[in-house]
Amino acid sequence: MSQQPNLAPIPELYVNADSAQKLKADAGEMLSWDLTPRQLCDVELLMNGGFYPLKGFLTEADYDGVVENMRLSSGGLWPMPITLDVSQEFADKIEPGIDIALRDQEGVILAILSVTDKWVPNKKREAEKVFGADDLAHPAVNYLHNVAGPVYLGGPITGIQPPTHYDFRARRDTPNELRAFFRKMGWRRIVAFQTRNPLHRAHQELTFRAAREAQANLLIHPVVGMTKPGDVDHFTRVRCYEAVLDKYPAATTHLSLLNLAMRMAGPREAVWHGMIRRNHGLTHMIVGRDHAGPGKNSQGQDFYDPYAAQDLFRQYQDEIGIEMVDFKQMVYVQERAQYEPRDEVEEGATILDISGTELRRRLREGLEIPEWFSFPEVVKQLRRTSPPRDQQGFTVFFTGLSGSGKSTISNALMVKLMEMGGRPVTLLDGDVVRKHLSSELGFSKEHRDINIKRIGYVASEITKNGGIAICAPIAPYTATRRAVREMVEQYGAFVEVHVATSLEECERRDRKGLYKLAREGKIKEFTGISDPYEEPQNPELRVQTEGVDVDYAAQQVLLKLEQMGLIGLS
């Protein structure tokens, strides 16, 4: 394979300005689909050539080939399904042969999709083939089943304009802008460093070594679209990258942001990342240990073998069109005060390392982060975003059957937290929220889900702004509680409290007579009677209320919050 890049422009899907104006006018007559955040990332990379050779969302035949064997129907390599998932209600209005307008969340038209295919995918099969298991512990499998729409649309897209980004505008290069930059700089061999984490000293050493090994210039190419729920936000990460750019030799390194929605698909994702980097004009890419791995599966095991991504990339390297620079884990050797690849360190040497979990703990508790691990400039940025935990906002989310005692305990907890002072406390009780936020909703599963997600959204905003949100809905469904957890954990801790009062006790306490009406069939879809309550498997706390007074139950929650470092009781 040639190591000289082809830096000629790559095909884009945009039409010229005159055609774009005409299409915008025509789009007023079309059905419109408001793109989700993930679809917005996909559309941008389709239009600017980042997903070349794709000309739009996959047809059913292309989708089947990609899922089964990473091949488009043309035979070309492509590892990741790029599909437009839509709601059943929207799909019912669509037939192949029509055009639909694709808009951002403000309603600005970005592209036209000429629909050629409409189908209901086998999502279980997609999960098993693309992500290796139909396991909801995988964030992309959870997304597939609980967020993505049930129907896929496929067909070519016509690009009208790119999405607008108001942040870090000078750092966002399209594939053709990067290619032009490399041409101007005379760079002929360029190695990409793909990252979704802040850059610490081990990463710097790894990138130095990779550039040296490939005799190449370095492109730090972090993902700033969607990453794994719970990751450090991209604003903080980019400030961290900018803070350490001057640690690299001048004129050898460039920082550019990639608006990609990651799927955390391990080996397949590595191949995908390689093809995207080839489209941006790169000749080499670093593939490290557990590339794009999502963490543990529901059995507590890693989803992928740590070097499976390197193996798959190596297998398809010629077709990807880019060379892999493979690296093992970098570790700090105390005796030599330097970083070295883990497999090159002799037995008996003292290896120092700080895991991501340990780093978060040290940030949370205001503990020292040693200079051998990270740069003071990076730590400063992380501390700005992660103040000590007892100064952060958080959400306490009570869930349990009607009559279990959620509202009573949450009221007691609110009063105790207000007595302590220091942070504003807001109680989002199910009945109160229904009156003020969700008065138009009924009690169908769909409407109950909408109500819980509204509560989650408000709680996430309170958490983001340093307050305490206490939520006390029934919240019977695991998937909805998880969606709320992911909303909140972008900004602070989420403490799930299962008020585990038995159904018999809840019926005995039934002041409103609701269980009696449900037993008589006068209330449909009543949780615990005619509709299931999915018990939390791993809540932060489980509270029994039978034979226990309210004050004691609320005290248990306070002690849990103290144990987690969220409040100080002393």
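What you are looking at is a predicted structure, and each value in this text was computed from that prediction instead of being measured.

Rules of the game
- Note that residues are indexed from 1 along each chain, following the sequence as it is written.
- This being a predicted model, a pLDDT of at least 70 is required before a residue's local features are given, and a value of 80 or more before pairs of side-chain atoms are given or counted; all residues contribute to the totals for chains, interfaces and linings.
- Side-chain calculation: all heavy atoms of the structure are included, whereas hydrogens and water are not.
- Two strands pair under a simple rule: DSSP has to find at least two bridges between them.
- Where helices and strands are cited, they refer to DSSP runs of H or I of at least four residues and of E of at least two residues respectively, numbered from the N terminus.
- Contact between two residues is taken to exist if any of their heavy atoms lie within 4.5 Å; hydrogens are not considered.
- Only C-alpha atoms enter the line fits that serve as axes; for helices the fit covers just the stretch in contact. Angles between N-to-C directions range over 0 to 180 degrees.
- Where each domain begins and ends is defined by an automated method or by a domain database.
- Counted as salt bridges are all cases of a side-chain nitrogen of Lys or Arg within 4 Å of a carboxyl oxygen of Asp or Glu.
- A simple rule labels every residue: compare its accessible area, found with a 1.4 Å probe on the protein chains alone, to the largest value its type can have, and call it buried under 20%, exposed over 50%, or partly exposed in between.
- For classification purposes, angles smaller than 35 degrees are called roughly parallel, those larger than 145 roughly antiparallel, those between 65 and 115 roughly perpendicular, and all remaining angles oblique.
- By convention the crossing between two helices is left-handed if the near helix lies anticlockwise of the far one by an angle smaller than a right angle, and right-handed if it lies clockwise.
- UniProt positions are given in the numbering used here, feature names are shortened, and annotations may be inferred rather than shown by experiment.

Student: Report on the sheet that holds strand β15 (residues 351-352), specifying residues and quantitative values.
Tutor: Strand order in the open sheet formed by three strands is β14-β13-β15, with antiparallel pairing between adjacent strands. The strands lining the two open edges of the sheet, one partner per strand, are β14 (338-341) and β15. With four bridges connecting them, strand β13 (residues 330-333) and β14 associate as antiparallel partners. Within the sheet, the bridge partner assigned to tyrosine 332 lies in β14 and is tyrosine 339. Sheet contacts for helix α8 (residues 201-214): β13 and β14; angle to β14, the most-contacted strand, approximately 60°.

Student: Explain the domain arrangement of the protein to me, and be specific about the residues and the numbers.
Tutor: Entries for the protein in the domain assignment read domain 1 (17-159), domain 2 (169-258 + 264-385) and domain 3 (389-563). Relative to domain 3, the C-alpha centre of domain 1 lies at a distance of 36 Å.

Student: How would you explain the pattern of salt bridges if you had to name every residue and give the values?
Tutor: Across all of its chains, the model carries 33 salt bridges by this definition. A salt bridge links arginine 201 to glutamate 371; its shortest N-O distance comes to 3.6 Å. Remark: glutamate 371 occurs in the loop between α12 (356-364) and α13 (376-385) and arginine 201 occurs in helix α8; sequence separation between them is 170 residues. Look at arginine 201 and you get partly exposed, because its relative accessible area is 23%. Here glutamate 358 and arginine 362 are joined by a salt bridge, their closest N and O atoms 2.8 Å apart.

Student: Help me get a handle on the packing of helix α5 (residues 123-131) against helix α6 (residues 139-146), residues and values and all.
Tutor: Running from N to C, α5 and α6 cross one another at 165°; their axes reach a closest spacing of 10 Å. Here α5 lies roughly antiparallel to α6, going by the angle between them. For α5 against α6, the interelement crossing comes out right-handed. Together, Lys123, Lys124, Glu126, Ala127 and Phe131 of α5 and Ala140, Val141, Leu144 and His145 of α6 make up the contact between the two elements.

Student: Could you give me a rundown of the sheet that holds strand β16 (residues 394-399), with the residues and numbers involved?
Tutor: Taking strand neighbours across the sheet as the criterion, the five strands line up as β17-β18-β16-β19-β20 in an open arrangement whose pairing is parallel. Unpaired on one side and paired on the other, β17 (425-429) and β20 (541-543) mark the two borders of the sheet. Each strand of the sheet is rotated relative to its neighbour by a mean of 20°, with strand direction disregarded. Here three bridges tie strand β19 (residues 493-499) to β20, and the two strands are oriented parallel to one another. Within the sheet, the bridge partner assigned to valine 499 lies in β20 and is valine 543. Lying over the sheet, helix α17 (residues 478-489) contacts β16 and β19, oriented at roughly 150° with respect to β19. Each of β16, β19 and β20 touches helix α20 (residues 550-563); the most contacted strand, β20, lies at about 170° to it.

Student: Tell me about the UniProt feature "domain: Sulphate adenylyltransferase catalytic" (unreviewed entry) in the protein, and name the residues and values.
Tutor: Per the UniProt record, "domain: Sulphate adenylyltransferase catalytic" (unreviewed entry) is annotated on residues 172-384. Taken as a whole, residues 172-384 contains 38% helix and 15% strand, while its terminal C-alpha atoms sit 24 Å from one another.

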